[in-house]
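# Report on the structure
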Amino acid sequence: MWKPVRGSRPPLSSRGLRAAAAAAAAAVTCVLLTGMLVVTCGRPEEPPAAAAAGGKVFSSYFRKLTRERRAISGAPRSSAPPPRPVEHLYPADLFVAVKTTGRYHRQRLELLMETWMSRSVEQTFVFTDGDDEKLRKRMGAHLINTNCSVAHSRQALSCKMALEYDTFINSGKKWFCHVDDDNYLNVGSLLKLLSQYSHTQDVYIGRPSLERPLEATEILSTSEMKQVRFWFATGGAGFCLSRGLALKMKPWAGDGVFMTTAERIHLPDDCTVGYIVEALLGVSLTRSPLFHSHLENLRLVSNIHSQVTLSYGAVENTWNIVNVKGPFSINEDPTRFRSVHCLLYPDTPWCPSPRRL
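Residues numbered from 1 in each chain as written. Predicted model: local features only at pLDDT ≥ 70, side-chain atom pairs only at ≥ 80, totals over all residues. Heavy atoms only, no water.

## What to know about the overall build of the protein chain
Where we set the bar: A helix here means a DSSP run of H or I that spans at least four residues, while a strand means a run of E at least two residues long, and both kinds are numbered starting from the N terminus. Note on classification: 1.4 Å probe, protein chains only; a residue is buried when its accessible area is under 20% of the maximum for its type, exposed when over 50%, partly exposed between these limits. Two residues qualify as a contact provided that any one of their heavy atoms is within 4.5 Å of a heavy atom in the partner residue.
Counting its regular elements, the protein chain contains 11 helices and 15 strands. Split into buried and exposed, the 357 residues of the protein chain put 55% on the buried side. Once local pairs closer than 6 in sequence are excluded, the contacts in the protein chain between residues at least 24 apart make up 70%.

In structure tokens:
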């Protein structure tokens, strides 16, 4: 059984803020030279970016995300009743994969284990790249050492995703959901969302980070290539796949083949999932505004109870976090994950009061 650690939170040093701001300013992009399309797939660890350019980059990026948010959300629904569940789901029906790396075991995972993971023990598996005896004692078989490279390269990311996929297939669970180690997952909202679909049907649900389909060059042979266009759900916000669809992905994803497929388009893991689903299988991404990454303006997020995922980051030397009031100060809870957790679960022993925030 995992044991929550009281008061764990990411350090908020000025050096860490500058590094996070630089990473954000680079918009964590991978550049496709064919067409010069810049996309936010994957999350390179140390992008070369000047701090002075950070403000302009993210002001523009946030404007784009705001437009995307409006496009995804559409017109507000005034009094329409919520859709009836297609099938009733339980936490045991979920397989939640958390991608991380050894350097973030203390800085990020401790916070997740104290908050949402503490209530989602059995369905959550952490995929990392090194041994950690202390973490192993707390998580047991739910900590999976992929033996992938610690580098934040597209090859390393695809290596972890290959293990996530295979472990899910062998689990027999109905839904595969991927999140990163800087995501808060609201399992209740996730179950409510997924219950609107059948796990036997083809469902790929998440949030795109682009306003248009991604264009990539698919390598067919040493002498043949072709252009492909597809949508993908950004891994930084999380996404889910139904078992029915995941089984159809097996020729391009199973038994480690996922890495070979990723090399065909030279893109990271989340982009490769979109490539398999949309370009190869012809299944469309189902967009949901309930998934959130650190690359959007999180202060615009409202109705915390309904959101599926949240995140945090630093932009222009300022924390990019959800605007939620709570019993903890910014210094005590810089990511706001503890405050969100107390909002959702006021009966948590370490929450100062049961009041709704």
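## Let's talk about the state of the cysteines
The term disulfide refers to a covalent linkage connecting the sulfur atoms of a pair of cysteines. Our working definition: In what follows, a disulfide is any cysteine sulfur pair within 2.5 Å.
If you walk through the whole model with that rule in mind, you get 3 disulfides. The disulfide partner of Cys 177 is Cys 240, and the gap between their sulfur atoms is 2.1 Å. With the S-S dihedral at roughly 110°, the linkage between Cys 177 and Cys 240 falls on the right-handed side. You can see Cys 177 sitting in strand β6 (residues 175-180) and its partner Cys 240 sitting in strand β11 (residues 239-242), a full 63 residues away along the chain. Overall, Cys 177 belongs to the buried group, its relative accessible area being 2%. Given the relative accessible area of 1%, Cys 240 is considered buried. Sulfur-sulfur distance for the disulfide between Cys 342 and Cys 351 comes to 2.1 Å. Because the torsion about its S-S bond is -95°, the bridge between Cys 342 and Cys 351 counts as left-handed. Of the two residues examined, Cys 342 and Cys 351, each falls in the buried class.

## Observations regarding the packing of aromatic side chains
As a reminder, the rule being used: Any two rings among Phe, Tyr and Trp, with Trp reduced to its six-membered ring, count as a pair given centres within 6.5 Å; such a pair is stacked if its planes are under 30 degrees apart, edge-to-face if over 60, and tilted if neither.
Taken as a whole, this structure holds 12 aromatic pairs when the rule is applied. On the numbers, 4.8 Å between centres and 10° between planes, the contact of Phe 95 with Phe 125 is stacked. Of this pair, Phe 95 sits in strand β3 (residues 94-99) while Phe 125 is found in strand β4 (residues 124-128), placing the two residues 30 residues apart along the sequence. With respect to class, Phe 95 is no different from Phe 125; both count as buried. Where Phe 95 meets Phe 127, the ring centres are 6.4 Å apart and the plane angle is 50°; that geometry is what we call tilted. Here Phe 95, found in strand β3, pairs with Phe 127, found in strand β4; they are 32 residues apart in sequence, far enough to count as distant. Residue classification places Phe 127 among the buried residues on the basis of a relative accessible area of 0%. Of the aromatic side chains, those joined through ring pairs into one cluster are Phe 95, Phe 125, Phe 127, Phe 168, Phe 176, Tyr 204 and Phe 239.

## Section: the nonpolar core
Rules: Put simply, buried Ala, Val, Leu, Ile, Met, Phe, Trp, Tyr and Cys residues joined by side-chain atoms within 4.5 Å make one nonpolar core.
Of all hydrophobic cores here, the largest spans 43 residues; its most connected members are Trp 116 and Leu 194. Mapped by element, the contributors of at least two residues to this core are β3, α3 (105-114), α4 (133-139), β6, β7 (184-185), α6 (187-194) and α11 (337-344). With near-sequence residues (within four places) excluded, Trp 116 lies in contact with Val 96, Val 98, Thr 124, Val 179, Asn 183, Tyr 184, Leu 185 and His 341. Counting 36 residues, the second-largest nonpolar core is a separate cluster that includes Leu 214, Ala 233, Met 249 and Cys 271.

## Here we look at the sheet that holds β4
The condition that has to hold: Only when DSSP finds a minimum of two bridges between them are two strands counted as paired.
Judged by pairing direction, the sheet is mixed, and its 7 strands sit side by side in the order β5-β4-β3-β6-β11-β8-β12 without closing on themselves. The sheet terminates laterally at β5 (143-145) and β12 (286-287), the two strands that pair on one side only.

## Some thoughts on helix α9 (residues 257-265)
Which entries qualify depends on this criterion: Here, the arc refers to the directions that run from the helix axis to the C-beta atoms.
The complete set of buried residues in α9 reads Phe 258, Thr 261, Ala 262 and Ile 265. In an axial view of α9, the angular spread of the buried residues amounts to 105°, which keeps them on one side of the axis. Of the surrounding secondary structure, the elements contacted by the buried residues of α9 are α5 (154-171), β9 (214-219), β10 (225-230), α8 (250-253) and α10 (269-280). Looking one or two residues beyond α9, the residue adopting positive phi is His 266, at roughly 55°.

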